[in-house]
Amino acid sequence: MVVDSVTHILNPQQGLHVPSGCVHQLCNYGEDDLVFIVTSTPPSHGDRVNQ
């Protein structure tokens, strides 16, 4: 996961808090499928920006 230009390598069952307003991107460089859960508080409906 890249958060504000810093790369974080996450292991299975590991999470990462992304503060509000931080630019972030999720990448999967492994060979296995990636399954992830997103929890947003408050709800983030409509805040996605495609670049």
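Above this note sits the structure.
I will try to describe carefully the structure that is included in this document.

Criteria and cut-off values
Residues numbered from 1 in each chain as written. Predicted model: local features only at pLDDT ≥ 70, side-chain atom pairs only at ≥ 80, totals over all residues. Heavy atoms only, no water. Helix = DSSP H or I, 4+ residues; strand = E, 2+ residues; numbered from the N terminus. Buried < 20%, exposed > 50% of the residue type's maximum accessible area, 1.4 Å probe, protein only.

In terms of regular secondary structure, the chain is built from zero helices and three strands. When its helices and strands are written in sequence order, the chain yields β-β-β. Within the chain, buried positions represent 6% of all 51 residues.

For Ser5, which is not a glycine, the phi torsion comes out positive at approximately 70 degrees. Overall, the relative accessible area of 74% leaves Ser5 in the exposed class. Phi angles above zero are rare outside glycine, and Gln13 is one such case at about 70 degrees. By the element assignment, Gln13 lies in the loop between strand S2 (6-7) and strand S3 (24-25). Assessed through its relative accessible area of 86%, Gln13 is described here as exposed.

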